Amino acid sequence: MLATGSQFRVLGTVEWTVDGRPTAIGRRRERLLLGLLLVEIGRPLPMDRLIDLLADEDERPRPRADLYVDVCRLRASLRQGGGDGSVQLLRSGSTYTLAGDPQLVDLHRFTHLLDRAQRATAPQEVSRLASLALTEWRGAVLDDVASDRIRHGVGASFGELHLTAQLLHVAAEFELGNYWPLAAELARLTEAHPQHEKLLAFRAATLYACGRRADALNVLSSARARMTAQLGLDLTRELKDLQDTILRDGPVNPRLFRRGALGAV
């Protein structure tokens, strides 16, 4: 089904489409302003906070008059883009609010689906909802318009939620016994997060479940060597226990892989 009405993206790139057609937003500052407001859609943002976030790395915050210009330009873009009025940029005192339905924004669809996945109990449903959430993720928040300072300040917590969604999907697929496709997924994830304990455990256990015992042991021994060289640390007790289990061809302790035991990300 084709998307109708306005849709917005802030994951990876700031984009606005109307009835599936891309719509111009304006200069980078207007796109960044729109992105910041979309991240907080429905919630007021103080002007001083917006002025600080709109400043470049090597630039002092501009006066409010410059923010008013940016707001006027953004409002003009929203009018000229042929939008359906589904979002409105409102001012109240010293704050601005972008009023509209959060489900018009990919970031908020992602967090909504992730919340549903976290509350689901059946592994099939957890996997389905986590997969849907992950399809919304095309990159870091405001990645094409924001400085590193802004991306870290505004988007860091969402990056952690992205990893949470990946872990939920992995845990559900492991519980369902879909080991072969999961092995490929975990190879990519552990390359991106080489010191993440749960991902390493899932990858080793998945390879072991596929009958790839030597590969599973290699994952753990490589992790131990890397942690020792880079951090001066050894494997955690859980990973050592898993390694011992694989060495003696024993059954893997399921408690390590329960979704409720994922721990902090």
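Refer to the structure printed above.
In short, a report on the structure. (Residues numbered from 1 in each chain as written. Predicted model: local features only at pLDDT ≥ 70, side-chain atom pairs only at ≥ 80, totals over all residues. Heavy atoms only, no water.)

## A short note on the overall build of the protein
Heads up, the rule is: Counting from the N terminus, the helices are DSSP H or I runs at least four residues long and the strands are E runs at least two residues long. Only protein chains enter the area calculation, which uses a 1.4 Å probe; residues under 20% of their type maximum are buried, those over 50% are exposed, and those in between are partly exposed. Should any heavy atoms of two residues lie within 4.5 Å, those residues are counted as being in contact. For this count, His and the chain ends are skipped, Lys and Arg are scored as positive, and Asp and Glu as negative. We put the charge of a Lys on NZ, of an Arg on CZ, of an Asp on CG and of a Glu on CD.
On a plain count of helices and strands, the protein comes out with ten helices and six strands. Projected onto its principal axes, the C-alpha coordinates of the protein cover approximately 70 × 45 × 25 Å. Counting over 265 residues, the protein shows a buried share of 46%. Partitioning the contacts of the protein with sequence separation of at least 6, the portion at a separation of at least 24 is 62%. For the protein, the separation between the mean place of its 35 positive charges and that of its 33 negative charges on side chains is 1 Å.

## Quick look at the sheet that holds strand β6 (residues 95-99)
In plain terms, the rule: By this definition, two strands are paired if DSSP reports at least two bridges between them.
The sheet built from three strands is open, its strands ordered β4-β6-β5 with antiparallel pairing. Of all the strands in the sheet, just β4 (45-46) and β5 (88-92) have a single pairing partner and so form its edges. Bridge analysis of β5 against β6 gives five bridges, and the strand direction is antiparallel. Bridging across to β6, Gln88 finds its partner in Ala99.

## With respect to the side chain of Ser127
Considering the arrangement of structural elements, one finds Ser127 in helix α5 (residues 123-136). Sequence-distant contacts of Ser127, defined by excluding residues within four places in its chain, comprise His169, Ala172, Glu173 and Leu176.

## Thoughts on the pattern of salt bridges
How we decide: Salt bridge, as applied in this entry: a Lys or Arg side-chain nitrogen positioned within 4 Å of an Asp or Glu carboxyl oxygen.
With the rule as written, the count across this model stands at 20 salt bridges. Its salt-bridge partner being Arg9, residue Asp106 comes within 3.2 Å of it at the nearest N-O pair. Linking Asp106 in helix α4 (residues 106-119) with Arg9 in strand β1 (residues 6-9), this pair joins segments that are 97 residues apart in sequence. Residue Asp106 is classed as buried on the basis of its relative accessible area, which comes to 0%. Since its relative accessible area comes to 22%, Arg9 is described here as partly exposed. Put simply, Asp215 and Arg212 hold a salt bridge, and the shortest N to O gap is 2.9 Å. Judged by relative accessible area, Arg212 falls into the partly exposed class, the value being 32%. Connected via shared salt-bridge partners are Arg9, Asp106, Arg109 and Glu136.

## Describing the nonpolar core
Put simply, the rule is: Residues belong to a common nonpolar core when they are buried Ala, Val, Leu, Ile, Met, Phe, Trp, Tyr or Cys residues joined through side-chain atoms within 4.5 Å.
With 53 residues, the main nonpolar core has Leu36, Leu67 and Leu142 as its most contacted residues. Those elements that provide at least two residues to this core are β2 (15-18), α1 (28-39), α2 (47-54), α3 (64-80), β6, α4, α5 and α6 (148-176). With seven residues, the single largest contributor to this core is α1. Membership of the second largest hydrophobic core comes to 29 residues, among which are Leu189, Leu200, Leu220 and Leu242.

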